[in-house]
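# Report on the structure
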Amino acid sequence: MSASTHPLARAGGRVALAGAATLTATLALAAPAAAHAEVEADRPQALAENVTLSFVSEAESSSAGFTTLRIVLPEGVTPGDVTLGQAPEKWKLTATDDGYTVGGPALKAGVDAEHTIKVRQLPDAKELVFKTVETYSDGKISRWIELPTSGEEPEEPAPVLKLKAAAPGAKPISPSPAESTTPSAAEPTPSAATSRPDASTAASDTAADEDDGMSSGALIAVTVVVLLVLGGGAWWLVKRRAASSRS
């Protein structure tokens, strides 16, 4: 190949590198933002009493804030065993049939939702699962309710608290008195979509996920086509200049 074709070849290489960078950026933007719901304890031990649990729901929306968190309590912990500790300003706890909700005025977009509860006694178990459903001010719902299957980490894992073995001589205390799950007038009443997401909500979430997937796929496809066109054009120009040089 003539030396006069070298600059064009270098230009073609720069086009290919730029295209690769564009594709990488596109794939990064198409990936969902990483967020988790987590739980910790000041005394993570089976049969421990008056344990404080701390929950953190990481924000994954840049345009809406949290309004409600719904926590499903594990077996051995009843809504009557739980009292609210710290929470965002004006947020209240409301007992449900299988756990509780905590919510109130919407938090600012991008702000994590953190709250603590005190549990009368932890059950005699190796780990506790706290399935969590998060609701944003724009109606979006995130469900951190999945458990590992076949050793694989789920996409939306439920918060899990690992417990140490019970202390020697520790015994279960008597069950707490039954309490009404009806919220007081001062407490926010969760909507049906928040306290028990129905089939219509699940269907709309699935549809939204499919739309997001189609949009991301179309964007990637367009990027690939552009790269092919640019690469083909650069190759054609190189070949044409080489042919002109030989003639």
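Structural notes, computed from the coordinates. None of the values given here were measured: they were computed from a predicted structure.

So, about the overall build of the protein. Secondary structure summary: the protein contains 3 helices and 11 strands in total. Secondary structure elements of the protein occur, N-terminal to C-terminal, as α-β-β-β-β-β-β-β-β-β-β-β-α-α. Per-residue burial for the protein yields a buried fraction of 30% across its 247 residues. Within the protein, counting contacts between residues at least 6 apart in sequence, those at least 24 apart form 73% of the total.

Our next topic: the sheet that holds strand β1 (residues 37–41). Strand order in the open sheet formed by 4 strands is β1-β2-β7-β4, with antiparallel pairing between adjacent strands. Single-partner strands in this sheet number two, and they are β1 and β4 (82–84). Sheet twist, expressed as the mean angle between neighbouring strand axes with direction ignored, is 25°.

Examined against the element boundaries, Thr132 turns out to sit in strand β9 (residues 131–136). At 3.0 Å, the side chain of Thr132 forms a polar contact with the backbone oxygen of Phe130. Leave out the neighbours within four places in its chain, and Thr132 touches Ala37, Ser57, Arg70, Ile71, Ser142, Arg143, Trp144, Ile145 and Pro159.

We now examine the packing of aromatic side chains. Considering all chains together, one arrives at 2 aromatic pairs under this definition. Cation over ring: Lys140 sits above Tyr136, and NZ or CZ is 5.8 Å from the ring centre.

Cut-offs used in this document
Residues numbered from 1 in each chain as written. Predicted model: local features only at pLDDT ≥ 70, side-chain atom pairs only at ≥ 80, totals over all residues. Heavy atoms only, no water. Helix = DSSP H or I, 4+ residues; strand = E, 2+ residues; numbered from the N terminus. Buried < 20%, exposed > 50% of the residue type's maximum accessible area, 1.4 Å probe, protein only. Contact = heavy atoms within 4.5 Å. Pairing = 2+ DSSP bridges. Axes fitted to C-alpha atoms, helices over the stretch in contact; angles between N-to-C directions. Polar contact = N/O pair within 3.5 Å; in protein donor to acceptor, adjacent residues only side chain to side chain. Phe/Tyr/Trp six-rings, centres within 6.5 Å; stacked < 30°, edge-to-face > 60°. Lys NZ or Arg CZ within 6 Å of the ring centre and 35° of its normal.

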